[in-house]
Amino acid sequence: MKLTETRKKELRITVDYTNMTDKYLGDKGISHKTIEAHRKIARAAHAYLAENRGKDELYTGWTELPYNQDEIVADILETAKAVRKKFEYFVVLGIGGSALGPIMAFRALCHLHYNDLPRSKRKGPKFYVEDNVDPVRMKELLDVIDIKKTCFNVISKSGATSETMAQYLIISDLLKKAGENVKDHLIFTTDAARGNLVKISKELGGVKSYVLPDGVGGRFSELSPVGLLPAAVLGIDIKAMLKGAAAMDKFCKSPDLYKNPALMLATLQYIAMQDGKNINVIMPYSDNLQYVSDWFAQLWAESLGKNITLDGKPCHVGQTPVKALGVTDQHSQVQLYTEGPYDKVITFLSVGSYKEKTPIPRGCENIPDVSFLGGHTMEELIQAENVATAYALTKAGRLNYTVFLPEVNEYTLGQLLFLFEMQTAYTGAMFNIDTYNQPGVEAGKKATFALLGKPGYELQRRDLASTGSDAEFMI
Ligand code: PA5
């Protein structure tokens, strides 16, 4: 993608938080006085992140990803080229932070029916991300791919995640049975030294591997090889994504609350949460951005849903992310958002120029209910519905704000990801919690180990056996 200075300016993402304030929401909105009263906490969050950027031990290595990957990017581009030449299918095996980023970028930056296009119209192999262990899904994936022509990118920082490793066992067994050299079909993305994929790679005689850096947790890893390799295989311009992230970083570094979009959004959400707004609806008006919601949901929920502060005080903080799609969910959830409890903030993702306009032809001239649509475009329609929904919510006193993308492309997606990551980091700092751990996820992982008989989990297995469904409560 050609990024001149003028083009970069045109593609700058902006944030409009008018509808979070009392300007149109009256006493349901946040006043300037309240924002000012939170300047101190915003300043402290800013200082905390400024001092602690890029520290592996604090898991803030992700802040440097836009700047420190030149060699890795060059290597990824080479590998991607070879993969495109050799394979017809590219399958990511991973879950959570090791899957949601690749899914999001695929949906955002590729044709919406990419896998249905003929090879001549696709930049890369057919693409699948297997982020569940539904046995039907695994079987039916195998019905549509030819494993002899498939490259499997196994993404797992720990190499100990049951879901991913179960998939790995199935795939490697099938490859062996098909008489293939297993390692030729694999690319690992994992921790540098720890982790089982390192051992497996050695056993197989050296699998092409990329490192998920120490200081980058799963949900902050899209701009690392976790997201960059699958994106590059798809022909996505990963350099432009990283440039977009770096451009957003400049704004998000500003100590001035009114010039720093991530800090302002964090502050407004922090204020909203103090006032019982415990739900954050993320509603892109774009099918391309649909899975930004899934990626964001994990980032926001796993990072902020915590029960203890960094100085050991009990707390129960976080905001439940809800995924919605404009306009589809206007006909499903917006009734609740407009008239239900005052417990939500709506985050709109709006697009200035869609890659297609799709004119609506004139017709049905005798039916005014229909004919008014003719002569417009579907772009105008979706944008009008976006504005109308924000207006209706504002009139009903509902907090909402808009992140505006002039277009959906690599550069704007990079900006968007970085904006949300910084917003999450600032919000976590305001709550004084560990934004980067996930003990709640670990608990479930360990209980699964116990249930399936992993050595070392015998005590928990006994505890599990003594709990569960009780006939008294079954109907
Ligand atoms: O954000 C996270 O850390 C998690 O969602 C992990 O990415 C997820 O549990 C997968 O872990 P791993 O990459 O170790 O397989």
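Residues numbered from 1 in each chain as written. Predicted model: local features only at pLDDT ≥ 70, side-chain atom pairs only at ≥ 80, totals over all residues. Heavy atoms only, no water.

Participant: Which parts of the structure should I look at to understand the nonpolar core?
Facilitator: It is characteristic of soluble globular proteins that their nonpolar side chains tend to be buried jointly. The biggest cluster of nonpolar side chains holds 107 residues, and the ones touching the most others in it are W62, V403, L413, L416 and F420. The element contributing the most residues to this core is helix α17 (residues 410-431), with 12 residues. Two domains each provide a minimum of three residues to this core, namely domain 1 (5-57 + 240-431) and domain 2 (62-238). Ignoring sequence-local partners within four residues, the contact set of W62 consists of G215, V216, F220, F418, E421, M422, A425 and Y436. (Core = buried A, V, L, I, M, F, W, Y, C linked by side-chain atoms within 4.5 Å. Buried < 20%, exposed > 50% of the residue type's maximum accessible area, 1.4 Å probe, protein only. Helix = DSSP H or I, 4+ residues; strand = E, 2+ residues; numbered from the N terminus. Domains from an automatic or database assignment. Contact = heavy atoms within 4.5 Å.)

Participant: Just checking my understanding: could you explain the domain arrangement of the protein for this structure?
Facilitator: It is common to report an interface's size as the accessible area lost on association of the parts. Under the domain assignment used here, the protein contains domain 1 (5-57 + 240-431) and domain 2 (62-238). A straight line from the C-alpha centre of domain 1 to that of domain 2 covers 29 Å. Listed per partner, the contact involves 33 residues of domain 1 and 30 residues of domain 2. Of the roughly 2900 Å² buried where domain 1 meets domain 2, counting both sides, 64% is carbon and sulfur surface. Across the domain 1-domain 2 interface, the total number found is 3 salt bridges. Here E64 and R53 are joined by a salt bridge, their closest N and O atoms 3.1 Å apart. Linking domain 1 with domain 2 are 17 residue pairs in polar contact (both at pLDDT 80 or more). For the side of domain 1 that touches domain 2, the secondary structure elements donating two or more residues are α11 (238-252), α13 (292-304) and α17. No other element matches the 8 residues that α17 contributes to the side of domain 1 that touches domain 2. Residues that form the side of domain 1 that touches domain 2 fall into these classes: 15 nonpolar, 7 polar and 11 charged. (Buried area = accessible area lost by both parts, 1.4 Å probe. Salt bridge = Lys/Arg side-chain N within 4 Å of Asp/Glu carboxyl O. Polar contact = N/O pair within 3.5 Å; in protein donor to acceptor, adjacent residues only side chain to side chain. Nonpolar A, V, L, I, M, F, W, Y, C, P; charged D, E, K, R; others polar.)

Participant: Honestly, the site of the ligand in this entry has me stumped. Any pointers?
Facilitator: The environment of the ligand is made up of 14 residues, and the closest members are S156, K157, S158, T161 and Q298. S158 places a side-chain nitrogen or oxygen 2.7 Å from an oxygen atom of the ligand. One nitrogen or oxygen atom from the side chain of Q298 is found 2.5 Å from an oxygen atom belonging to the ligand. Protein contacts shield 91% of the accessible area of the ligand, which totals 390 Å² for the unbound molecule. For the ligand, the cavity whose grid points lie within 2 Å of the majority of its atoms is the second largest pocket. (Near = heavy atom within 4 Å. Areas by Shrake-Rupley, 256 points an atom, 1.4 Å probe, with all protein chains shown as cover. 1 Å grid on protein atoms, 1.4 Å probe; cavity = no way out; pocket = protein on both sides within 12 Å on 5 of 7 lines; lining within 4 Å. Sits in = over half its atoms within 2 Å of the grid points.)

Participant: Is there a simple way to explain the side chain of Q298 in this structure?
Facilitator: Within the secondary structure layout, Q298 lies in helix α13. Other than its neighbours up to four places away in sequence, Q298 contacts G96, G97, L100, R219 and S303.

Participant: Where do I start with the pairing of strand β9 (residues 314-317) in this structure?
Facilitator: Looking down a regular strand, the side chains alternate between one sheet face and the other. Because side chains alternate across β9, one face comprises the buried residues C315 and V317, and the other comprises P314 and H316, none of which is buried. As judged from the 2 bridges shared by strand β8 (residues 306-308) and β9, these two strands associate in the antiparallel manner. Residue I308 lies in a different strand from β9, and its bridge partner there is P314. Where β8 hands over to β9, the hairpin turn is made up of 5 residues, of which G312 adopts a positive phi near 85°. (Pairing = 2+ DSSP bridges.)

Participant: Got a minute to help me understand the packing of α11 against α17 in this structure?
Facilitator: Any two packed helices are characterised by the angle at which their axes cross and by the distance between the axes. Orientation of α11 relative to α17, taken along the N-to-C sense of each, is 45°, at an axis distance of 6 Å. It follows from the interaxial angle that α11 and α17 lie oblique. Crossing angle aside, the handedness with which α11 passes α17 is right-handed. The segment α11 lies against α17, with A240, M241, K243, G244, A245, A247, M248, D249 and C252 engaging E410, Y411, L413, G414, Q415, L417, F418, L419, M422 and Y426. Counted by class, the contact of α11 with α17 contains 13 nonpolar, 3 polar and 3 charged residues. (Axes fitted to C-alpha atoms, helices over the stretch in contact; angles between N-to-C directions. Parallel < 35°, antiparallel > 145°, perpendicular 65-115°, else oblique. Left-handed = near helix turned anticlockwise from the far one by under 90°.)

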